[in-house]
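# Per-entry structural report
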Number of protein chains: 2
Amino acid sequence: MSQSDRSSVSRVRLVDVARAAGVSKTTVSDALNGAGRLPAATREHVRQVARRLGYRPNATARLLRAGHTRLLGLAAREYVETPWVYADLAYFGQLVNATTRAALAHGYGVVLLPTSGPDDCWLDMPLDGVFVVDPVAGDPMVGDFLAAGIPVVSDRRALAEAVSEAQTAGRWVDFDNEYAVRQVLDHLEEAGAERIAVVAGATTACFHQESVDAYQDWCAERGREPSIAYLPGPGIQQTLDAVERLLDGPVPPDALFTLVEVNPPLLLDTIRKRGRSVPDDLLLVCTTEDSAALYTDPPVSTLSFLPGETAGAAVELLVDRIEGREGDPGRLFSAELQIRASSAFPATA
Amino acid sequence: MSQSDRSSVSRVRLVDVARAAGVSKTTVSDALNGAGRLPAATREHVRQVARRLGYRPNATARLLRAGHTRLLGLAAREYVETPWVYADLAYFGQLVNATTRAALAHGYGVVLLPTSGPDDCWLDMPLDGVFVVDPVAGDPMVGDFLAAGIPVVSDRRALAEAVSEAQTAGRWVDFDNEYAVRQVLDHLEEAGAERIAVVAGATTACFHQESVDAYQDWCAERGREPSIAYLPGPGIQQTLDAVERLLDGPVPPDALFTLVEVNPPLLLDTIRKRGRSVPDDLLLVCTTEDSAALYTDPPVSTLSFLPGETAGAAVELLVDRIEGREGDPGRLFSAELQIRASSAFPATA
DNA sequence: TTGAAAGCGATACCAG
DNA sequence: CTGGTATCGCTTTCAA
């Protein structure tokens, strides 16, 4: 009576089955897990009873016993202040997707982590390892997990900033952002661009800072004036507005390279509305994972961060580390430039 | 030596801290959790030692003790065969996002569940409750969790198909699809449409079946000939092709209602390319969560499934049930029609 | 073959 | 105010 009102009947445990079947806990456990060598009759009897009572092993208890949880944490830290705003960003969506798929292939589940919250609340979750994407500078989350002895995959900078434990429990997945940006700029230059403008996010993400640096260096080497529009945050309208300002500026660019996720069809519409034509009049390369880029007219050249491949690598690194296998300390990737019609022809026709 | 090669040093436990500090386990636990009433000196001393040793409580053990995990499972079942293909679908992205946010607000984490796998592998995860979106007919996942006594939120049909446990541990979040579809059709009719064509997915999802039924009934009531294009699966190109076929068909529609997620800007491009103009020539309503619909020219009317609100309700229902609070058995929603310029003017200008 | 008992790691109750 | 001890539910070793 005292406990029946809480949750119908308290869940049936291993001992309940044992009692009902008239055997010991060990026998039940073995019978259900196919372990030990019991007579087939006993095994079957125990199974019947277990089924009849609706017995389900308690996952937490069995994990405590096993010493692992087969759960991986995933956190996207770029916009730490707003908890989980990856919604409109195709990149994060695909990353979550790919991470989950890769984890499942290794027998792990994925837990979406809070990016903010009371102190180190993330340590309360029973995780075997964590993948921290786009860590902020001196990221406390990376530090906390590493200090707790929980394997982490993040980028090199975050690991370097953390303490020495990083050497034993940290692995990295990183991007050669300078290489990628130069690849795009060189490509646009070859295609005839002389005034390449860039749209960047004013975020803490490594990518933006490194990319902007690389862009400025690249311009300096050629004695060109950099033209950058910074965005305060994600958001379609803000991005489109920034592009308009760029196009209407004193020295209109002949090529545009967006570093923030942007909806390719809408961007093209906006550009057309300003009276510019892609690619004849303006070359275009977008950093995006939005597959709509393939279907626009013209199809839009993109710089892709290969969420599928990087997530796969991250999970593999993490799982190797968790399961005690030696392996690479990390993997270096470069974003992939996929050239399509929006940047394929000379700008000065 | 025997264990040092597995993971550097085995994690430091509560007893280790107790021994090092020269006190008992209880004292350490109390000191760290702010419980009990210890002299400030002892408390501080224990904390120092704990910090020095880098002690972190084992989450699994503490969860076993607590009797709950504060973890919610989330599964999207519409395309069960392909594990986690919600990538390109804005709806699932936002749903995951909203569920995670709502769960965190209640102090719960979210685990992304496999949609397929060895038998009832999902029961191995330490979950307090599960949110099963778009369950398939006779969904085994719903049945398994319910049988295991783990609270489930899904739709009414899934709960009804499961056994009687559903009454105690099941809650539902459901949509009045017929109402929503009729709302759209009525709206289009008022705006002057006479031949409304529909693009539907050939999936197991309740929504498509119920919607198509509602559409056919609606047409029958008016003695109109239904015009439906079925899609074998998700995919931008397939959708656009289907629309083209519809527009080029023997009796071109004067209004289009898409039930599958589609990229609004691309859809508009496609329509324009067939020489049709929205809304003068063709009214348009899209079932989508893609916020790009707001920024197209003209802005596209949408039917939204309110992922934010439904996820919030689902989590609340689940948490109430888990924490033993009485509450509604479920919540009925209707997709929301957001009327914009693409369907606001008479088709026959 | 079967079962008793010892953990897994942390918390809560009571006696000291 | 502190510390032994039982407990959470399961697996596994080791005697019988």
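From a predicted model like this one, the values you see are computed outputs, not experimental measurements.

### Topic: the protein's contact with DNA strand D
The environment of DNA strand D is made up of 23 residues, and the closest members are L14, Y55 and R65 of chain A together with T26 and P39 of chain B. Taking all atoms of DNA strand D within 4 Å of the protein, the share assigned to sugar and phosphate is 61%. Within the contact set of DNA strand D, a base oxygen lies 3.1 Å away from a side-chain nitrogen or oxygen of T26 of chain A. Ranked by residues supplied to the surface near DNA strand D, first place goes to helix α2 (residues 25-33) of chain A with four residues. For the surface near DNA strand D, a count of residues per class yields eight nonpolar, eight polar and seven charged.

### Structural notes on the sheet that holds strand β1 (residues 71-76) of chain A
The strand order β11(A)-β5(A)-β4(A)-β3(A)-β1(A)-β2(A)-β2(B)-β1(B)-β3(B)-β4(B)-β5(B)-β11(B) describes an open sheet built from 12 strands, whose pairing is mixed. Here the strands that pair on one side only, and so sit at the sheet edges, are β11 (330-333) of chain A together with β11 (330-333) of chain B. Taking the axes of each pair of neighbouring strands and ignoring which way they run, one obtains an average angle of 20° across the sheet. Note that strand β5 (residues 170-175) of chain B and β11 of chain B share four bridges and pair parallel. Each bridged residue has a counterpart across the sheet, and for F175 of chain B the counterpart in β11 of chain B is F333 of chain B.

### Some thoughts on the protein's contact with DNA strand C
Surveying the vicinity of DNA strand C reveals 22 residues, the closest of which are T26, P39 and R65 of chain A together with L14 and R65 of chain B. For DNA strand C, the backbone makes up 64% of the atoms found within 4 Å of the protein, where backbone means sugar plus phosphate. Between N33 of chain B and DNA strand C, the recorded distance is 3.4 Å, taken from a side-chain N or O atom to a phosphate oxygen. The separation between a base oxygen of DNA strand C and a polar side-chain atom of R65 of chain B is 2.6 Å. Secondary-structure elements contributing two or more residues to the surface near DNA strand C are α2 and α4 (59-66) of chain A together with α2 (25-33) and α4 (59-66) of chain B.

### What to know about helix α13 (residues 307-322) of chain B
All names here are of chain B. Over its 16 residues, α13 extends 22 Å from the first C-alpha to the last, a length consistent with the 22 Å expected when each residue adds 1.5 Å. Inspection of α13 places P307, T310, A311, A313, A314, V315, L317, L318, V319, D320 and R321 among the buried residues, and these make up the whole buried set. G324 lies just past α13 and shows a positive phi near 75°.

### Examining the relation of the copies chain B and chain A
The transformation that overlays chain B on chain A combines an axial shift of 0.1 Å with a rotation of 180°, and the residual RMSD is 0.2 Å. Taken together, the rotation angle and the small translation identify this as a two-fold axis. Closest approach to the rotation axis among the C-alpha atoms of chain B is made by V111 of chain B, whose C-alpha sits 2.3 Å away.

### Observations concerning the nonpolar core
In terms of nonpolar packing, the biggest core is built from 105 residues, with L188, I196 and F257 of chain A together with L188, I196 and F257 of chain B touching the most fellow members. Element by element, the count of residues in this core is highest for helix α13 (residues 307-322) of chain A, at eight residues. In contact with L188 of chain B, other than residues within four places in its own chain, are A193, I196, A255, F257, L283, V285 and S343 of chain B. Counting residues in hydrophobic clusters, the runner-up holds 46 residues, among them A75 of chain A together with W122, L127 and V132 of chain B.

### Re the environment of V12 of chain B
Residue and element names in this part refer to chain B. Considering the arrangement of structural elements, one finds V12 in the segment before α1 (14-21). The sequence separation of V12 and N58 amounts to 46 residues, and the corresponding C-alpha distance is 9.4 Å. For V12, the contacting residues outside a window of four places in its chain are V17, L53, G54, Y55 and R56.

### A look at unusual backbone geometry
Residue P279 of chain A is reached from V278 of chain A by a cis peptide bond, and omega for that bond is 5°. Relative to the assigned elements, P279 of chain A resides in the loop between α12 (264-273) and β9 (283-287). In this chain, D297 of chain B is followed by P298 of chain B through a cis amide linkage whose omega measures 0°. Tracing the chain through its elements places P298 of chain B in the loop between β9 (283-287) and β10 (301-304). Its identity as a non-glycine residue notwithstanding, D134 of chain B has a phi of 50°, on the positive side. Relative to the helices and strands, D134 of chain B is located in the loop between β3 (129-133) and α6 (140-147). Even without being a glycine, L306 of chain B presents a positive backbone phi close to 50°. Structurally, the position occupied by L306 of chain B is in the loop between β10 and α13. On the basis of relative accessibility, which here comes to 11%, the residue L306 of chain B falls in the buried class.

### Regarding the domain arrangement of chain A
When cut into domains, chain A gives domain 1 (3-57), domain 2 (65-174 + 308-327) and domain 3 (177-305 + 337-343). Distance between the C-alpha centres of domain 1 of chain A and domain 3 of chain A: 63 Å.

### Digging into the UniProt feature "domain: HTH lacI-type" (unreviewed entry) in chain A
Per the UniProt record, the feature "domain: HTH lacI-type" (unreviewed entry) sits at residues 12-66 of chain A. Span residues 12-66 of chain A is 71% helix and 0% strand, its end C-alpha atoms 21 Å apart.

### Here's the deal with the interface of chain B and chain A
Listed per partner, the contact involves 55 residues of chain B and 55 residues of chain A. Taking both sides of the interface into account, the surface hidden between chain B and chain A amounts to around 4,800 Å²; carbon and sulfur atoms contribute 60%. If you sort the residues of chain B by the area they bury against chain A, R56, T60 and Y295 of chain B come out on top, with a joint share of 12%. On the surface where chain B and chain A come into contact, there are four salt bridges. The salt bridge partner of D120 of chain A is R56 of chain B, with a shortest N-O separation of 3.2 Å.

### Focus on the packing of aromatic side chains
This model, assessed by the stated rule, comprises 10 aromatic pairs over all chains. Both rings, one in F175 of chain A and one in F305 of chain A, keep their centres 4.8 Å apart while their planes meet at 80°; by these two values the pair is edge-to-face. Linking F175 of chain A in strand β5 (residues 170-175) with F305 of chain A in the loop between β10 (301-304) and α13, this pair joins segments that are 130 residues apart in sequence. The two residues F175 of chain A and F305 of chain A agree in class, both being buried. Their ring planes at 55° and their centres at 5.3 Å tell us that Y91 of chain B and F92 of chain B sit as a pair that is tilted.

### Some words on the pairing of β3 of chain B
Residues and elements named next belong to chain B. The buried fraction of β3 is high, at five of five residues. Both faces of β3 are covered, namely the face carrying G129, F131 and V133 and the face carrying V130 and V132. Of the strand pairs in this sheet, β3 and strand β4 (residues 152-154) are connected by two bridges, and their pairing is parallel. Directly across from F131, in β4, lies its bridge partner V153. Of the crossover connections in this fold, the one passing from β3 over α6 to the parallel β4 is right-handed.

### Looking at the packing of α1 of chain B against α2 of chain B
Residue and element names in this part refer to chain B. It is the contact of α1 with α2, at a shortest axis distance of 8 Å, that shows an interaxial angle of 100°. Taken as axis vectors, α1 and α2 run roughly perpendicular relative to one another. Contacts from L14, V15, V17 and A18 of α1 reach α2 at K25, V28 and S29.

### Some words on the state of the cysteines
Applying the stated criterion across every chain yields a total of zero disulfides over all chains. Counting only cysteine sulfurs, C219 of chain A is the nearest neighbor of C286 of chain A, a cysteine outside any disulfide, at a range of 18 Å.

Parameters at a glance
Residues numbered from 1 in each chain as written. Chains lettered and ligands numbered in written order. Predicted model: local features only at pLDDT ≥ 70, side-chain atom pairs only at ≥ 80, totals over all residues. Heavy atoms only, no water. Near = heavy atom within 4 Å. Polar contact = N/O pair within 3.5 Å; in protein donor to acceptor, adjacent residues only side chain to side chain. Helix = DSSP H or I, 4+ residues; strand = E, 2+ residues; numbered from the N terminus. Nonpolar A, V, L, I, M, F, W, Y, C, P; charged D, E, K, R; others polar. Pairing = 2+ DSSP bridges. Axes fitted to C-alpha atoms, helices over the stretch in contact; angles between N-to-C directions. Expected span 1.5 Å × (residues − 1). Buried < 20%, exposed > 50% of the residue type's maximum accessible area, 1.4 Å probe, protein only. Least-squares fit on C-alpha atoms with pLDDT ≥ 70 in both. Core = buried A, V, L, I, M, F, W, Y, C linked by side-chain atoms within 4.5 Å. Contact = heavy atoms within 4.5 Å. Domains from an automatic or database assignment. UniProt positions renumbered as here; feature names shortened; annotations may be inferred. Buried area = accessible area lost by both parts, 1.4 Å probe. Salt bridge = Lys/Arg side-chain N within 4 Å of Asp/Glu carboxyl O. Phe/Tyr/Trp six-rings, centres within 6.5 Å; stacked < 30°, edge-to-face > 60°. Right-handed = clockwise from strand over helix to strand, strands pointing away. Parallel < 35°, antiparallel > 145°, perpendicular 65-115°, else oblique. Disulfide = S-S within 2.5 Å.

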